[in-house]
Structure formats: structure tokens, C-alpha cells
Amino acid sequence: MNVAIIVPARIGSTRFPKKLLHRIKDKPVIVWTADRIRKEAPEFPLYFAVDHESLADVLRRDGYEAIMTNPDHSCGTDRIAEANRHLKARYVVNVQADEPLVTGNQIRQLVELIQQDTEMATLGTPVRYDKDYHNPNHVKLVCDDHGYAVYFSRAPIPYMRETHGAFDPELAASIPVLIHLGLYAYTASFLELFCTLAPGKLEQVEKLEMLRAMERGHRIKVGMSKEALIEIDTLEQAVEFEQVVTERFPLH
């Protein structure tokens, strides 16, 4: 298998317990994501790496493949790596289970990036508003001239000295400053290597897994997407998604 999409999914969630089973218009969040991926990128095989039978049950009921993985994994990357030891895909695309508006363009962009000279790839979308620039829940990133990540941070980076730290849209567009999107691609060999690395010091401070690779000297290729994502991490975001669905797809 050349490329596989593997979606890591765990039943636990601190801020929104059992969020992936939360029903929106009588469909679980995880099935919204599954249906979206199948519709947007049908050319790639799709698997879910899950830690609980309840997740596997709702997925299999709708015709999706669920692979049971160790519930003790500390992160989604470990879960994906375990699943790919069975699948043996050469390249793996990681879509988050709580991102039901991922697009086919984003998935195909990641596939294109990872088949270039890189071990890991991800996407960002331009920062447009001051509230996003200063929001620690929106991870910012900047890249070098070759499109590789220089740093990821919850802080507003880079610091805009001329405006005393206030967001300057023109300056941000010229750099550019990006909000990280929770989509990744890996080579199978790097996926296995990553799972052997202990959390890095910067990762532990920022609580950002991507920094683990960068602290060890690995480069992350970044693609720019103009399509933003809605992540369902709270009940409020679930309500927001339901409103979007109602507006865009009134027949659902």
C-alpha cells in the first residue's frame, strides 16, 4: 500500500467527555469525519485506529474499517504507528477524528508534500485576525524560505516590534504567519522513529508534539491552505459545527 489515511481516535476527552460519540443531527462526530473523508478523498484507503469498542462499533456499522489499538498510548501518533504496522503503508496521512470539515484538497496537498524530500508534512492557514494571533489555542508557525517549519508556538510569533506586539495584517501576510492545522503526513519509517523519541523540552513547555521532531533535527514541510478547519473540542464547538452543517447542508 502506497498511501493510507489513518485517523487516531480515543474515547477519553478532558474538556468534552466522549466527544467523538456526541451526536450532531443524530450522527456521531466520528462518523461525520469519516463520511467527510470518504466523500472528499475517496481515492485513498481509510482506516480508524481506535482505543475502545464503542468507537469501533459506530464506525463498522457505517462500513468503515476500525483497528483496535493499545488504550495506553499517550498520543495519536503512537496509535497511528501501531495501526500501520499491520497496514504497511509507505506514506500515512493523519486526519484528526474531531475535524469533520477536512477537505480533499488538504489531504491531496499533504500526500504531494510527503512524497517530496521530507519525513513529515503538515499544513497551515494564514492568520487574519488579532484575536487568533493572540489566542494560545491557535498554534502559530513560521517557515523558512524553503517551506520548512522554523517554529511552532502558542505565543504570538513572530513578535511584531513596530506595533509593540499588536497584530499587523500586512506584515503577517508578507512573512507569512500561519495558524497550524491539525493534519499531518509521515513516511512509515519516520513514523516508527518518532514513536521511539522521548518528549522534548520545548514540547513539554508548549505541549506541542511537532516540536519533538524539530528538537531532534528533523524538518517538517509545511503547505499553505486557505481552507480553515473546525475542531470539535468543546460542546460549544459542537454547536458551532451544527450551525455550519445546517447552513451549508440543509438536507442533513
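Chemist: Before we move on, could you go through unusual backbone geometry and cite the residues and values that matter?
Modeler: Between I157 and the following residue, P158, the backbone shows a cis peptide bond with an omega angle of -10°. If you trace the backbone, P158 turns up in the loop between β9 (149-153) and α6 (169-174). I175 connects to P176 through a cis peptide bond whose omega is -15°. Within the fold, P176 resides in the loop between α6 and β10 (178-187).

Chemist: Explain the side chain of E203 to me, using residue names and the numbers behind them.
Modeler: Mapped onto the secondary structure, E203 falls in helix α8 (residues 201-206). Given the relative accessible area of 8%, E203 is considered buried. For E203, the contacting residues outside a window of four places in its chain are L208, E209, L211, R212 and E215.

Chemist: Residue-level account of the nonpolar core, with values.
Modeler: Formed by 48 residues in total, the largest nonpolar core has its most connected members in I5, I30, F48, L59 and V95. Apart from the residues within four sequence positions on either side, L59 is in contact with I30, A34, F48, V50, Y64 and A66. One finds A4, I67, F194 and A213 within the second-largest nonpolar core, a separate group that totals 29 residues.

Chemist: Now, about the pattern of salt bridges: what can you tell me, with residues and values included?
Modeler: Using the criterion set out here, one finds 12 salt bridges in the structure. Linking D233 and K19 is a salt bridge whose minimum nitrogen-to-oxygen distance equals 2.7 Å. Here the residue D233 occupies a position in the loop between β11 (220-224) and α10 (235-248), and K19 occupies one in the loop between β1 (3-9) and β2 (23-24), the gap between them amounting to 214 residues. Judged by its relative accessible area of 10%, K19 falls in the buried class. Linking K39 and E40 is a salt bridge whose minimum nitrogen-to-oxygen distance equals 3.7 Å. K39 gets classed as exposed once you look at its relative accessible area, which sits at 61%. The network of salt bridges with common partners includes K19, D98 and D233.

Chemist: So what's going on with the side chain of E99? Residues and values would help.
Modeler: When you line up the elements, E99 lands in the loop between β6 (91-95) and α4 (104-114). Of the side chains with opposite charge, K19 comes closest to the buried, unpaired E99, at an N-O distance of 8.8 Å.

Chemist: Describe α4, and please don't skip the residues or the numbers.
Modeler: Those residues of α4 that fall on the buried side of the exposure criterion are G104, Q106, I107, L110, V111, L113 and I114. Contact partners of the buried residues in α4: β1, α1 (29-40), β6, β7 (120-126), β10 and β11.

Chemist: Which residues make up the packing of aromatic side chains, and what are the values?
Modeler: The full count for this structure, using the stated rule, is five aromatic pairs. Arranged with centres 6.2 Å apart and planes meeting at 20°, the rings of Y184 and Y186 form a pair that is stacked. Like Y186, Y184 is buried. Positioned above the aromatic ring of Y148, the side-chain terminus of R219 is 3.7 Å from the ring centre. The aromatic ring of Y148 is capped on one face by K221, whose charged end is 4.6 Å from the ring centroid.

Analysis parameters
Residues numbered from 1 in each chain as written. Predicted model: local features only at pLDDT ≥ 70, side-chain atom pairs only at ≥ 80, totals over all residues. Heavy atoms only, no water. Helix = DSSP H or I, 4+ residues; strand = E, 2+ residues; numbered from the N terminus. Buried < 20%, exposed > 50% of the residue type's maximum accessible area, 1.4 Å probe, protein only. Contact = heavy atoms within 4.5 Å. Core = buried A, V, L, I, M, F, W, Y, C linked by side-chain atoms within 4.5 Å. Salt bridge = Lys/Arg side-chain N within 4 Å of Asp/Glu carboxyl O. Lys, Arg positive; Asp, Glu negative; His and termini not counted. Phe/Tyr/Trp six-rings, centres within 6.5 Å; stacked < 30°, edge-to-face > 60°. Lys NZ or Arg CZ within 6 Å of the ring centre and 35° of its normal.

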